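Per-entry structural report
Listed below are the residues making up each chain.
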Amino acid sequence: MQMIIVDDEAHWVDNLSMTKPWHSLGIEQVHKAYSAREALQIIDTHPIDIVISDIQMPEMTGIELIERIRKHNKKIKCIILSGHSEFDYAKKALQNKTVDYLLKPPTDDELLGAVKNAINQLNAEWELISSLSRTQFTLRENLPVLRGRLLLDALQGHRFQAGEWERKLVSYDLPFQSGEAALMLVRMEEEFGEFDNTDQTLIEYAIINMAEEIMGEFMEVWGVKEEHGYLVFLLQLKDQGTDLEKESILEKLSLQLQYKVKQFLKGSLSIVITEWFKFPEQLSTRFQQASSSFRQIVGDEREFIMRVSDLELPSVHGPLDALYTPPTLIHLLESGHWDAAEEKLLAVCAELDEKWSESWEHCMEAGFLITASFTNLAHRNGHTLANLMGTDIEALQSGDAFSSISKLRKWSLSVLAQLKEGTSNEIKDIRSEYVKKIQDYTDKNLHDDVSLRVLADHVNLHPTHLSKIYKIETGEGISDYISRLRMDRACHKLKTTTKKVYEISMEIGYMDPAYFIKVFKRQFGVTPQEYRDTK
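Each chain carries its own residue numbering, running from 1 in the direction its sequence is written. In keeping with the model being predicted, local features are shown solely for residues with a pLDDT of at least 70 and side-chain atom pairs are shown and tallied solely at 80 or more, while totals for entire chains, interfaces and linings include all residues. Derived side-chain values reflect all non-hydrogen atoms in the structure, with water molecules and hydrogen atoms excluded from consideration.

**Quick notes on the overall build of the protein chain**
Comment: elements are numbered from the N terminus, with helices defined as DSSP H or I runs of at least four residues and strands as E runs of at least two. Broken down by element type, the protein chain carries 24 helices and eleven strands. For 535 residues, the compact-globule formula gives about 24 Å, and the C-alpha radius of gyration of the protein chain, at 34 Å, lies well above that figure. Taken along the three principal axes of its C-alpha coordinates, the protein chain extends 100 × 60 × 45 Å. The rule is simple: take the accessible area with a 1.4 Å probe, protein chains only, and divide by the maximum for that residue type; under 20% is buried, over 50% is exposed, in between is partly exposed. Looking at the 535 residues of the protein chain, the share that counts as buried comes to 43%. Contact definition: two residues touch when any of their heavy atoms are within 4.5 Å. In the protein chain, 67% of the contacts between residues at least 6 apart in sequence involve partners at least 24 apart. Calculation of accessible area relied on Shrake-Rupley with a 1.4 Å probe; when residues are assessed, cover is drawn exclusively from the protein chains displayed. Taken as a whole, the protein chain presents about 28800 Å² of accessible surface, with 51% of it coming from carbon and sulfur. Positive charges come from Lys and Arg, negative ones from Asp and Glu, while His and the chain ends are left out of the count. Positions of charges follow a simple convention, taking NZ of Lys, CZ of Arg, CG of Asp or CD of Glu. The average position of the 61 basic charges and that of the 83 acidic charges among the side chains of the protein chain differ by 7 Å. Computation of the radius of gyration draws on C-alpha atoms alone. For the globule rule, the value is 2.2 Å times the number of residues to the power 0.38.

Structure follows, in structure tokens:
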């Protein structure tokens, strides 16, 4: 956990942060803030759990600080320290749900006890949020979506690590196990095309329910709608050792589903069913075969039931699996996962070497899709592929880039490296532009509110993201930069103008001259007036 101590009296903050055994309570980091505004900046950029704040501070009281905190984060626990015992202060503290209200100076037992109480409250709240029962309830509420996503990933060829399938099947309460299974693909015919999207979804849901009802007596049924519009059902016999005719039962139940949909939903279905196969190892391959069977049906043929084995697929043909297995190359490029994109290219070329070394069409297919992905990334970033590729564009224009697998591998990896370098330079340029905007704004508005949140709103970024960008680009935190700028500006005005100290204080953003004098002396060891007198 992280905590922040806020007080305009620096010695008090330093003493509390460094002399108490916070680590023994589980506090990993203690931040220090010498004003409420500085505290808000730290809270914007760090995951603060507990705030200990003085109640009387210049610019903003401890109560006002808590009110500001509550607007953005209601989970932070706050403890008030005060030299006042008046009921009104305590009442306002209670209204803002402070953990405790301690009079200065508190004893160690009082202070550590209050922090321990805050930690206990935080732990209790997060245990409730993350509790197993709550997680299980949320899981049950979202089970249909999670189950559908899992089946879609498997159908598209997503490879799970050893044991991961079994864990997911148990977690999602799916009664499937390794062993024999079959797929049934269902295509809704033209009659259903008359419905709008909402009604179409309801009908799809009704068909899935009817399939589960009709087949559920003999089989486990797991259905989902896939991206091409087919309803896909994974089927597994409830009794693997049954004497039922596995081949005929699928066809009989499929025919019954067709009939019931025709009777009650007034529409027709075309159905393709697979041979029984080894689940989960052969799931993706059998799905590809089944969907390919649908594509081979031409003309007006519809409302059929067909087994995949009824069509012989030439063994010399087949898809280039690595190219289309999620995550796709274009998604990896869009998300900036450069190492994974390189692994994807190497996997595609490895499959070409292993399975399609004699097929120029497969090499060309890979080359066209890789080029399209590269071009999409370039255009999204406002460039042309030719500008980013340089001389590598010549191999693409001549067709030489796809003339062999080795050339495709060398060319695609070279272009990927150039895209990565160009994007990195562009990101650095963008960071530099943000820094310039922040510094320009701060320079012109130093007298006004230049808190991290205001600066983040100015450049339309989240405060935490802006803070990280600024630190990466300059090596300095934004609050450090603003403090340094204020002190530099103060020194310059003290040396070159006859303005009063309170006037200079207002011009550089300190509304309380006494606080400005305190900060200045802490920085330079002398007061502003003493600094001016030495010129």
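**Notes on the side chain of Ser284**
Looking at the element boundaries, Ser284 is found in helix α11 (residues 283-296). Ser284 sits in the buried class, given a relative accessible area of 15%. Dropping the residues within four chain positions of it, Ser284 is found in contact with Ala154, Leu155, Gln156 and Gly157.

**Some remarks on the pairing of strand β6 (residues 179-188)**
Most of β6 is tucked away, with seven of its ten residues classed as buried. Pairing of β6 with strand β10 (residues 277-279), which is carried by three bridges, proceeds in the antiparallel orientation. The residue of β10 that forms the bridge with Glu180 is Lys278. A pair of strands is labelled paired if DSSP reports no fewer than 2 bridges between them. Here β6 pairs with strand β8 (residues 231-237) via five bridges, running antiparallel. Within β8, the position partnered with Leu185 by the bridge is Val232. Summarising the sheet, β6 and strand β9 (residues 269-273) pair through five bridges and their orientation is antiparallel. Counterpart to Leu185 in the pairing with β9 is Val272.

**Here we look at the sheet that holds strand β2 (residues 29-33)**
Across the sheet, five strands lie side by side as β2-β1-β3-β4-β5; this open sheet has parallel pairing. Two strands close off the open sheet at either side, each with one partner strand: β2 and β5 (100-103). On average, each strand axis in the sheet is inclined to that of its neighbour by 20 degrees, with strand direction left out of account. Looking at chain direction, strand β1 (residues 2-6) and β2 are connected through five bridges and run parallel. The residue bridging Ile5 from the neighbouring strand is Lys32, located in β2. For helices, the fitted axis covers only the stretch in contact; all axes are lines through C-alpha atoms, and the angles between them, taken along N-to-C directions, range from 0 to 180 degrees.

**So, the pattern of salt bridges**
We define a salt bridge as a side-chain nitrogen of Lys or Arg found within 4 Å of a carboxyl oxygen belonging to Asp or Glu. Under the counting rule described, the total for this entry stands at 24 salt bridges. The shortest N-O distance in the salt bridge between Lys355 and Glu351 comes to 3.8 Å. With a gap of four residues between them, Lys355 and Glu351 both fall in helix α14 (residues 338-355), about one helical turn apart. Taking the relative accessible area as the measure of exposure, Glu351 reaches 10% and is therefore buried. Residues Arg409 and Asp353 are paired through a salt bridge, measuring 2.5 Å at the closest nitrogen-oxygen approach. With a gap of 56 residues between them, Arg409 in helix α18 (residues 405-444) and Asp353 in helix α14 connect regions that are remote in the sequence. The exposure class of Arg409 is partly exposed, given its relative accessible area of 24%. Residue classification places Asp353 among the partly exposed positions, given a relative accessible area of 40%. Through salt bridges that share partners, Asp7, Asp54 and Lys104 make up one connected network.

**A closer look at the nonpolar core**
What makes a nonpolar core is a set of buried Ala, Val, Leu, Ile, Met, Phe, Trp, Tyr and Cys residues whose side-chain atoms join them at distances within 4.5 Å. Counting 50 residues, the largest nonpolar core has Ile50, Ile52, Val115 and Leu466 as its most contacted members. For this core, the leading source of residues is helix α21 (residues 478-496), giving eight residues. Note that the domain bounds reflect an automated or database-derived domain assignment. Each of domain 1 (2-127) and domain 4 (429-534) accounts for three or more of the residues forming this core. When near neighbours in sequence (up to four residues on either side) are disregarded, Leu466 contacts Ile438, Leu452, Leu455, Ala456, Val459, Leu461 and Ile478. Listed in part, the 31 residues of the second largest apolar core include Leu323, Leu329, Trp338 and Ala366.

**Some points on the side chain of Lys20**
Summarising the element assignment, Lys20 is placed in the loop between α1 (10-19) and β2. Polar contacts here mean pairs of N or O atoms no more than 3.5 Å apart (in protein, one a potential hydrogen donor and the other a potential acceptor; neighbouring residues in sequence count only if both atoms are side-chain atoms). One polar contact links Lys20 to Asp108, side chain to side chain, over a distance of 2.6 Å.

Read these as geometric descriptors, not functional statements.
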